[in-house]
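Listed here are the chains, written in short residue letters.
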Amino acid sequence: GQQVMQIPQYQHVQEGEDFTTYCNSSTTLSNIQWYKQRPGGHPVFLIQLVKSGEVKKQKRLTFQFGEAKKNSSLHITATQTTDVGTYFCAGGLTGGTSYGKLTFGQGTILTVHP
Amino acid sequence: DAGITQSPRHKVTETGTPVTLRCHQTENHRYMYWYRQDPGHGLRLIHYSYGVKDTDKGEVSDGYSVSRSKTEDFLLTLESATSSQTSVYFCAIPGPNTGELFFGEGSRLTVL
């Protein structure tokens, strides 16, 4: 079945440093989504990428979808303590009963030291 | 946030007992999902529903059953709970765009 691998599992940074997490799928995806989960909270949708090679930005966050639609990355510039949490990628397949059935990566736990 | 609530939020039970978790939505959406979250595994799909009385299995459905008798409620049942089912369970519904999910607050289940 489809697998989505995410690295690193943990990342500790000093406030102000950059952070990147990477996702790699065993199969071609129709889209990739990114979620953030604060400690003790629930996953919250950040963004969806659909097109090959797509790059989207949300303030200090930059999301990329690979040309082959099998990998993706999330980069945070100049981390802040509010960035603390677990970041998940989730791969989606097209159509029919695949709607909403996501395969999640293992997540990257980000800690930011002030 | 989307109108989606889960109950109970926390439960401790013993091995072999039945457990039912409830997900309630006010968005009138056809689709509803149950995921479980475990360290090192991310979130994994247990079961999903694409309408009243229409359900199907996900990646980790063994030991779980679901029911959807009305649009707003999706129940997840562990017929005989085992320690391996200790987890945090999240219910989700689709958002307004294509395929993104809104999650409930989660139900933390501990099976002793």
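Being a predicted model, the structure only gives us computed values, none of them experimental.

Engineer: What is the right way to read the overall build of chain A from this model?
Structural biologist: Of regular secondary structure, chain A possesses 0 helices and 11 strands. Secondary structure of chain A in N-to-C order comes out as β-β-β-β-β-β-β-β-β-β-β. Taking 2.2 N^0.38 as the reference for a compact globule, 114 residues should give roughly 13 Å; the C-alpha atoms of chain A span a radius of gyration of 14 Å, in line with that estimate. Overall size of chain A, expressed as C-alpha extent along the three principal axes, is 45 × 30 × 20 Å. Out of the 114 residues in chain A, the part that is buried amounts to 48%. For chain A, the computed accessible surface area is about 5400 Å², with 53% contributed by carbon and sulfur atoms.

Engineer: Quick question: what am I supposed to make of the interface of chain A and chain B here?
Structural biologist: Size of an interface: often given as the accessible area lost when the parts come together. In this assembly, 19 residues from chain A lie in contact with 23 residues from chain B. Between chain A and chain B, roughly 1800 Å² of surface is buried when both sides are summed, and carbon and sulfur atoms account for 57% of that area. Across the chain A-chain B interface, the total number found is 0 salt bridges. Counting across the interface, chain A meets chain B through 4 residue pairs in polar contact (both at pLDDT 80 or more). Elements with a minimum of two residues in the side of chain A that touches chain B: β4 (31-37), β5 (44-49) and β10 (102-104) of chain A. At 3 residues, the largest contribution of residues to the side of chain A that touches chain B is made by β4(A). Of the residues assigned to the side of chain A that touches chain B, the class counts are 7 nonpolar, 11 polar and 1 charged.

Engineer: Even after reading the chapter, I still don't get the packing of aromatic side chains, so can you show me in this structure?
Structural biologist: The description of two aromatic rings rests on the distance between their centres and on the angle between their planes. Evaluated as defined, the whole model comprises 14 aromatic pairs over all chains. Each member of the aromatic cluster is reached from another via a ring pair, and the members are A:Tyr35, A:Phe45, A:Phe88, A:Phe104, B:Tyr35, B:Phe90 and B:Phe103.

Engineer: How should unusual backbone geometry be read in this particular structure?
Structural biologist: Excluding glycine, most residues fall at negative phi; most peptide bonds, likewise, are trans. All names here are of chain A. Here the bond from Ile 7 into Pro 8 is cis, since omega is -5 degrees, no more than 30 degrees from zero. Considering the arrangement of structural elements, one finds Pro 8 in the loop between β1 (4-7) and β2 (10-14). Phi is positive for Lys 69, which is not a glycine, with a value near 55 degrees. Along the polypeptide, Lys 69 turns up in the loop between β7 (61-65) and β8 (71-76).

Engineer: Quick question: what am I supposed to make of the state of the cysteines here?
Structural biologist: The bond known as a disulfide is covalent and runs between the sulfur atoms of two cysteines. This model, assessed by the stated rule, comprises 2 disulfides over all chains. Through a disulfide, A:Cys23 is tied to A:Cys89; the S-S separation comes to 1.5 Å. Its S-S torsion of about -75 degrees marks the bond between A:Cys23 and A:Cys89 as left-handed, since a negative value means left-handed. Pair noted here: A:Cys23 is in strand β3 (residues 19-25) and A:Cys89 is in strand β9 (residues 85-92), with a separation of 66 residues, a long-range link. Across the pair, exposure class does not vary: A:Cys23 and A:Cys89 are buried alike. There is a disulfide in this structure between B:Cys23 and B:Cys91, and the S-S distance comes to 1.9 Å. As the torsion about the S-S bond is roughly -75 degrees, the B:Cys23-B:Cys91 disulfide counts as left-handed. Pair noted here: B:Cys23 is in strand β3 (residues 19-25) and B:Cys91 is in strand β9 (residues 87-94), with a separation of 68 residues, a long-range link.

Engineer: How do you make sense of the pattern of salt bridges when you look at a structure like this?
Structural biologist: Should their charged atoms come close, side chains of opposite charge can pair. All names here are of chain B. Tallied over the full model, the rule gives 6 salt bridges over all chains. Ionic pairing is found between Asp 38 and Arg 44, a salt bridge with its closest N-O pair at 2.9 Å. Of the two residues, Asp 38 and Arg 44, neither departs from the other in class, the shared state being buried. Among the ionic pairs, Lys 70 bridges to Asp 73, the shortest N-O distance being 3.6 Å. Look at Lys 70 and you get partly exposed, because its relative accessible area is 41%. On the accessibility criterion, Asp 73 (8% relative accessible area) is buried. Taken together, the shared-partner salt bridges in this structure form one network comprising Arg 22, Lys 70 and Asp 73.

Cut-offs used in this document
Per-chain numbering applies: the sequence of each chain, read as written, is numbered from 1 onward. Here every chain gets a letter starting at A, and every ligand a number starting at 1, in the order they are written. Totals for whole chains, interfaces and linings use all residues, but because this is a predicted model, local features are given only for residues with pLDDT of at least 70 and pairs of side-chain atoms are given and counted only at 80 or more. Neither water nor hydrogens contribute to the side-chain values; these are computed over all heavy atoms in the structure. Helix and strand definitions follow DSSP, with helices as H or I runs of at least four residues and strands as E runs of at least two, each counted in order from the N terminus. Using C-alpha atoms as the atom set, the radius of gyration is obtained and then compared with a globule rule of 2.2 Å times the number of residues to the power 0.38. Only protein chains enter the accessibility calculation, which uses a 1.4 Å probe; a residue whose area is less than 20% of its type maximum is buried, one above 50% is exposed, and one in between is partly exposed. Reported accessibility uses the Shrake-Rupley method at a 1.4 Å probe radius. Residues are deemed covered only where the shown protein chains occlude them. Every residue pair with non-hydrogen atoms within 4.5 Å of one another is taken to be in contact. When two parts are put together, the accessible area they lose, computed with a 1.4 Å probe and summed over both, is reported as buried area. By convention in these notes, a salt bridge is any Lys or Arg side-chain nitrogen within 4 Å of a carboxyl oxygen on Asp or Glu. Pairs of N or O atoms are called polar contacts if they sit within 3.5 Å, as long as, within protein, a hydrogen donor faces a hydrogen acceptor (for residues adjacent in sequence, only side-chain-to-side-chain pairs). Put simply, Ala, Val, Leu, Ile, Met, Phe, Trp, Tyr, Cys and Pro go in the nonpolar bin, Asp, Glu, Lys and Arg in the charged bin, and everything else, Gly too, in the polar bin. Working definition: rings of Phe, Tyr and Trp (its six-membered ring) pair if their centres are within 6.5 Å, and the pair is stacked with planes under 30 degrees apart, edge-to-face with planes over 60 apart, and tilted otherwise. Here, a disulfide means two cysteine sulfur atoms that sit within 2.5 Å of each other.

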